[in-house]
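Summary of the model geometry
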Amino acid sequence: MLHLRIITPPELTATVLQELADDPGVTHLTVDRGAATEPPGDLVCCDVVRASVNPLLRRLRAAGVAEGGGITMTELEAVVSAAADRAHAEILTPEIDTIVWEEVSARTSDDSAFSVSFGVLMVLAGIIAAVAVVTNNPVLIVGAMIVSPDYGPMAALSVALLNRAYGQAWRSFRALALGFPLAALASLLITLVARGLGRIPAAYLAGERPLSGLLIGANLGAFVVAFVAGAAGIVALGRAKSGAVVGVLVSITTIPAASNVGVALAMGDPSEAGRSLSILLVNLAGLLAGGVLTLLGTRVWARRIEAGRAIFRPKPKPGP
């Protein structure tokens, strides 16, 4: 369930309370009149079954609550209540089938723009991945994947494109367009330093490169893996799963390839750099396609379920 905290102008309070009372997925409804000072109004709180949140938010927006007041949502870890159990029983849609769009948009919007911390993390991830490639160390590859923050803007770009929020889409694209070159540049510089100091391992120089061999050459298999990773990332994001796990899942197809572009250029192999760049671009396209199509499919499915539920939604009782 989600906890909704609604600040509503006094003239809209009756409408808000009616909307909440009419929804079988709403429980624990409280109202504190005049409690809000900025913006001024009444404070209404309730707990809502996830499957009811999307249509409820649309109705509250249509009533003008977002313009004259505000709505905040909090994920509830545990609810011990017979009333909550009854609300769950009234809603036939399983919780796992529900993605709350406002929640997903909020999570992704925080990571959509380029920032100093994002750039620093991309640089650090690029350096770690470069050392991993040169030393053939898979443990360091995992470390680079954990550090890399690239999935945030990628998920935000998927959500923004589906919502036609082109301003946010541009900010997300800009973060990716700056972040990956920074990672590649960092790996290039660290490899040049290692090469100048004679610290490139003999095995790498002899052509024993099992890790870098996985990071060159675009193919259908790479696209399919990236597509599935993008879909899985969006589903996990919508279900409030661990962001770290999602980042590891999807970064495997991005940051190592970007880093290998810099390593290959530093070692005087532009052909390998080009092949790593191609797989990076293919993987990014797969991630984006998987994310957008998953969001689209989930939204269509949710709307069909909501339409079916609307038939059985209790109607307000007629007045005396």
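A few points on the structure. (Residues numbered from 1 in each chain as written. Predicted model: local features only at pLDDT ≥ 70, side-chain atom pairs only at ≥ 80, totals over all residues. Heavy atoms only, no water.)

**Some words on the overall build of the chain**
Counting its secondary structure elements, the chain contains 14 helices and 4 strands. Among the 320 residues that make up the chain, the fraction classed as buried is 46%. A fraction of 80% describes how many contacts in the chain between residues 6 or more apart in sequence connect residues 24 or more apart. Roughly 15500 Å² of accessible area belongs to the chain as shown, and the carbon and sulfur atoms make up 66% of that amount. (Helix = DSSP H or I, 4+ residues; strand = E, 2+ residues; numbered from the N terminus. Buried < 20%, exposed > 50% of the residue type's maximum accessible area, 1.4 Å probe, protein only. Contact = heavy atoms within 4.5 Å. Areas by Shrake-Rupley, 256 points an atom, 1.4 Å probe, with all protein chains shown as cover.)

**Some details on the packing of aromatic side chains**
Throughout the structure, instances matching the rule amount to 3 aromatic pairs. When the centroid spacing of 6.3 Å and the interplanar angle of 35 degrees are considered together, the rings of F223 and F227 count as tilted. Placement of both F223 and F227 in helix α11 (residues 220–238) is noted, with a separation of 4 residues, approximately one turn of the helix. Residue F223 is classed as partly exposed on the basis of its relative accessible area, which comes to 30%. Given the relative accessible area of 28%, F227 is considered partly exposed. (Phe/Tyr/Trp six-rings, centres within 6.5 Å; stacked < 30°, edge-to-face > 60°.)

**Comments concerning the sheet that holds strand β3 (residues 40–48)**
The 4 strands are arranged β2-β3-β1-β4 in an open sheet whose pairing can be described as antiparallel. A strand with exactly one partner marks an edge of an open sheet, and here the two such strands are β2 (26–37) and β4 (70–75). This sheet shows a mean twist of 15 degrees between the axes of neighbouring strands, independent of strand direction. Against the sheet, helix α1 (residues 10–22) contacts β1 (2–8), β2 and β3, and its axis sits at roughly 175 degrees relative to β2. (Pairing = 2+ DSSP bridges. Axes fitted to C-alpha atoms, helices over the stretch in contact; angles between N-to-C directions.)

**Things to note about the packing of helix α6 (residues 116–135) against helix α9 (residues 166–196)**
Running from amino to carboxyl end, α6 crosses α9 at an angle of 40 degrees, the nearest separation of the two axes being 8 Å. Compared by their axis directions, α6 and α9 come out oblique. The handedness of the crossing between α6 and α9 comes out as right-handed. Together, F118, G119, M122, V123, G126, I127 and A130 of α6 and A175, G179, F180, L182, A183, A186, S187, I190 and T191 of α9 make up the contact between the two elements. (Parallel < 35°, antiparallel > 145°, perpendicular 65-115°, else oblique. Left-handed = near helix turned anticlockwise from the far one by under 90°.)

**Things to note about the nonpolar core**
When a protein is soluble and globular, its nonpolar side chains tend to lie buried together. In this structure, F180 and V263 are the most contacted members of the largest nonpolar core, which totals 43 residues. Broken down by secondary-structure element, the contributors of at least two residues to this core are α5 (101–109), α6, α7 (138–147), α8 (151–163), α9, α11, α13 (255–266) and α14 (270–311). Filtering out sequence-adjacent residues up to four positions away, F180 remains in contact with M122, D150, T254, I255, A258, L280 and L284. In this structure, L4, V16, V48 and L57 belong to the second largest nonpolar core, which totals 16 residues. (Core = buried A, V, L, I, M, F, W, Y, C linked by side-chain atoms within 4.5 Å.)

**Observations regarding the pairing of β1**
Where burial is concerned, most of β1 is hidden: 5 out of the 7 residues are buried. As paired elements, β1 and β3 share 7 bridges and run antiparallel to each other. When the sheet's bridge partners are listed, I7 is paired in β3 with L43. Bridge count for β1 against β4 is 6 bridges, and the pairing is antiparallel.

**What about the environment of S271?**
Mapped onto the fold, S271 is located in helix α14. Relative accessible area serves as the criterion here: at 48%, S271 is assigned to the partly exposed category. Residues S271 and V261, 10 residues apart in the sequence, show an inter-C-alpha distance of 9.6 Å.

**Here we look at the pattern of salt bridges**
Following the criterion strictly, the structure yields 4 salt bridges and no others. The salt bridge involving R59 is made with E19; its shortest N-O contact spans 2.7 Å. Of this pair, R59 sits in helix α2 (residues 50–62) while E19 sits in helix α1, and the two are 40 residues apart along the sequence. Here R59 falls in the buried class, since its relative accessible area comes to 19%. Connected through shared salt-bridge partners, E19, D23 and R59 make up one network. (Salt bridge = Lys/Arg side-chain N within 4 Å of Asp/Glu carboxyl O.)

**Some details on unusual backbone geometry**
E38 connects to P39 through a cis peptide bond whose omega is -5 degrees. Tracing the sequence through the fold places P39 in the loop between β2 and β3. Phi at R164 takes a positive value of approximately 60 degrees, unusual for a residue other than glycine. Mapped onto the elements of the fold, R164 is located in the loop between α8 and α9. Given the relative accessible area of 66%, R164 is considered exposed.

**Digging into the environment of T108**
Considering the arrangement of structural elements, one finds T108 in helix α5. In sequence terms T108 and A156 are 48 residues apart; their C-alpha atoms lie 4.6 Å from each other.

**Side note on a nonpolar patch on the surface**
On the surface, V116, V120, L121 and L124 cluster together into a nonpolar patch covering about 340 Å² of accessible area. The residue L121 is located in helix α6 in this model. Residue classification places L121 among the partly exposed positions, given a relative accessible area of 33%. (Patch = residues over 30% accessible without salt bridge, like charges linked within 9 Å, V, L, I, M, F, W, Y side chains within 5 Å.)

Honestly, it's all geometry; don't read function into it.
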